[in-house]
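Survey of secondary and tertiary structure
Here is how the chains run, residue by residue.
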Amino acid sequence: MRVLGIETSCDETGVAIYCSQHGLLANVLHSQVALHAEYGGVVPELASRDHIRKLLPLVNTALQQAHLTKLDLHGIAYTSGPGLIGALLVGASFGRSLAWTLNIPAIAVHHMEAHLLAPMLDVERLQLPFLALLVSGGHTQLIAVQQIGHYRLLGESLDDAAGEAFDKTAKLLELPYPGGKELAKLAKQGIAGKFHFPRPMLDKPGLDFSFSGLKTAALNTIKANLPLSLQTKADIAYAFEEALIDTLIQKCRRAIHMTGIKTLVLAGGVSANHKLRATVDAMMLQEGGQAHYPRLEFCTDNGAMIAYTGCQRLLAGQSETLSIEVKARWSLIENNYVNYSR
Ligand code: KG4
Ligand code: ZN
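Residues numbered from 1 in each chain as written. Chains lettered and ligands numbered in written order. Predicted model: local features only at pLDDT ≥ 70, side-chain atom pairs only at ≥ 80, totals over all residues. Heavy atoms only, no water.

Quick word on the coordination of the zinc ion (ligand 2)
Quick note on the threshold: Coordinating donors are taken as N, O and S atoms within 2.8 Å of the metal, stretched to 3.2 Å for Na, K and Ca; because water is absent from the atoms, sites can appear incomplete. Runs of E in the DSSP output that reach at least two residues are strands. Runs of H or I that reach at least four are helices, and both are numbered from the N terminus.
Taken together, His111 (NE2), His115 (NE2) and Asp301 (OD) make up the protein donors of the zinc ion (ligand 2), found 2.0 Å from the metal. Going along the chain, you hit the donors of the zinc ion (ligand 2) in the pattern H-x3-H-x185-D. Taken together, the residues His115 in helix H4 (residues 111–117) and Asp301 in the loop between strand S10 (290–292) and helix H10 (303–315) connect sequence positions 186 residues apart.

Quick look at the structure:
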């Protein structure tokens, strides 16, 4: 089955074609970073308009890359939430309409399920059950995956998501947008032990997170050290990243102990962070388990993860009616679907 995947939930237009027999056949992406940079963050209306401009040319490029025509497709998958409503509507209305004209099924994909399954674009058979730490710009969640399509929420952020905390702290340090990656780069020059930030909620039982206090701690440290030298900025970035990663790691370790599950999948934009990956690897070695990550290009938003997830859902017998629905907020758990074991 060959599925066209369309991702337009935020500031990336992603299009890909995934084949259940031959894997990924095409993957193209247009990033809107340059468009939003001067505003220091995503401007929703500009995002929607740019998706409209870029989507059709990207679909044509993906088809060319795969040496296919539209008639060779068996299904169309599009992100229908969570995300920016206008941006989602572009991909959903385009994808649903194209499927209708081609008389093939369409499938609405949950953006976070797609992040969660992204490692499977490279590792076909992940041992089930596994734990997943989803760390993106909008979400921080620990999920137990019993099987593909069956997700149990173990814990989540009660306020800022991990990526959001990275981005907001980067902005406080006057780093260019998008900040997470820039902060991580600067942290490499930081000196350990110069500053110490709190590890929120580690003193409480359970698997929820809270990152807004960490951002406030960074703000207070910045104010107390003005004017900031480049080295002080790097030292603050180091302490922030260390505290955030330490918090994520300790909660993952707790989840492993609570569930006895020793396979951990990391996904979402923040899983591109090298220090997080190295720290998770070290922790999993101690725990006698194994961690899996998506390829770097599949950590952040992309069409490949949507095409892959849509393909799994279509193979599980799902498809949409002719109505087009998008959701700014959408719990991954609500999205659980019929058991599908490969
Ligand atoms: O998954 P994603 O592309 O979009 C959402 O679904 O939100 O994640 C974007 C987030 C941003 O907050 C970005 O700053 C963060 O991922 N991010 C990073 C790194 N690369 C991207 N955060 C820390 N270190 C990185 N290397
Ligand atoms: Zn995302």
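Okay, back to it.
Regarding the layout of surface pockets
Put simply, the rule is: Both site types are read off a 1 Å grid over the protein atoms alone. A 1.4 Å probe that fits but cannot get out defines a cavity, while an open set with protein on both sides within 12 Å along at least five of seven lines defines a pocket; lining residues have an atom within 4 Å of a point. Grid points are joined across faces, edges and corners, and a volume is the space filled by probe spheres set on the points. Put simply, Ala, Val, Leu, Ile, Met, Phe, Trp, Tyr, Cys and Pro go in the nonpolar bin, Asp, Glu, Lys and Arg in the charged bin, and everything else, Gly too, in the polar bin.
Estimates place the volume of the second largest pocket at around 160 Å³. The class makeup of the residues in the lining of the second largest pocket is five nonpolar, five polar and four charged.

Remarks on the site of ligand 1
In plain terms, the rule: Note on terminology: near, applied to a residue and a molecule or strand, indicates that one of the residue's heavy atoms is within 4 Å of it. Two N or O atoms count as a polar contact when they lie within 3.5 Å, although within protein this holds only if one can serve as hydrogen donor and the other as acceptor, and sequence-adjacent residues are included solely when both atoms are side-chain atoms. The protein chains shown are the only cover counted for residues, whose accessible areas, like all others here, come from Shrake-Rupley with a 1.4 Å probe. Here the limits of each domain have been adopted from an automatic or database domain assignment.
In the vicinity of ligand 1 there are 19 residues, among which His115, Gly137, Asp167, Gly269 and Asn273 approach most closely. Within the backbone of Gly138, one N or O atom sits 3.5 Å away from an oxygen atom of ligand 1. Between an oxygen atom of ligand 1 and a main-chain N or O atom of Gly163, the distance comes to 3.2 Å. Protein contacts shield 86% of the accessible area of ligand 1, which totals 550 Å² for the unbound molecule. Counting only elements with at least two residues in the shell around ligand 1, the list comes to H4, helix H5 (162–172) and helix H6 (179–187). Residues that form the shell around ligand 1 fall into these classes: five nonpolar, eleven polar and three charged. When residues of the shell around ligand 1 are sorted by domain, at least three fall in each of domain 1 (2–117 + 298–335) and domain 2 (127–293).

Comments concerning the sheet that holds strand S1 (residues 2–7)
Definition in use: In this description, strands pair whenever DSSP reports at least two bridges between them. Lines fitted to C-alpha atoms define the axes here, with helix axes fitted over just the stretch in contact, and angles between the N-to-C directions of these axes take values from 0 to 180 degrees. By definition in these notes, contact holds between two residues if any of their heavy atoms fall within 4.5 Å.
If you walk across this open sheet you meet the five strands as S3-S2-S1-S4-S5, and the pairing is mixed. In the strand order of this sheet, the two ends are held by strand S3 (23–31) and strand S5 (106–110), each with one partner. Neighbouring strand axes in the sheet, compared pairwise and without regard to direction, differ in orientation by 20° on average. Here S1 runs beside strand S2 (residues 12–19); their pairing, made up of six bridges, is antiparallel. Note that in S2 the partner of Val3 across the bridge is Tyr18. Helix-sheet contacts for helix H2 (residues 44–65) involve S1, S2 and S3, and the interaxial angle to S3 is about 150°.

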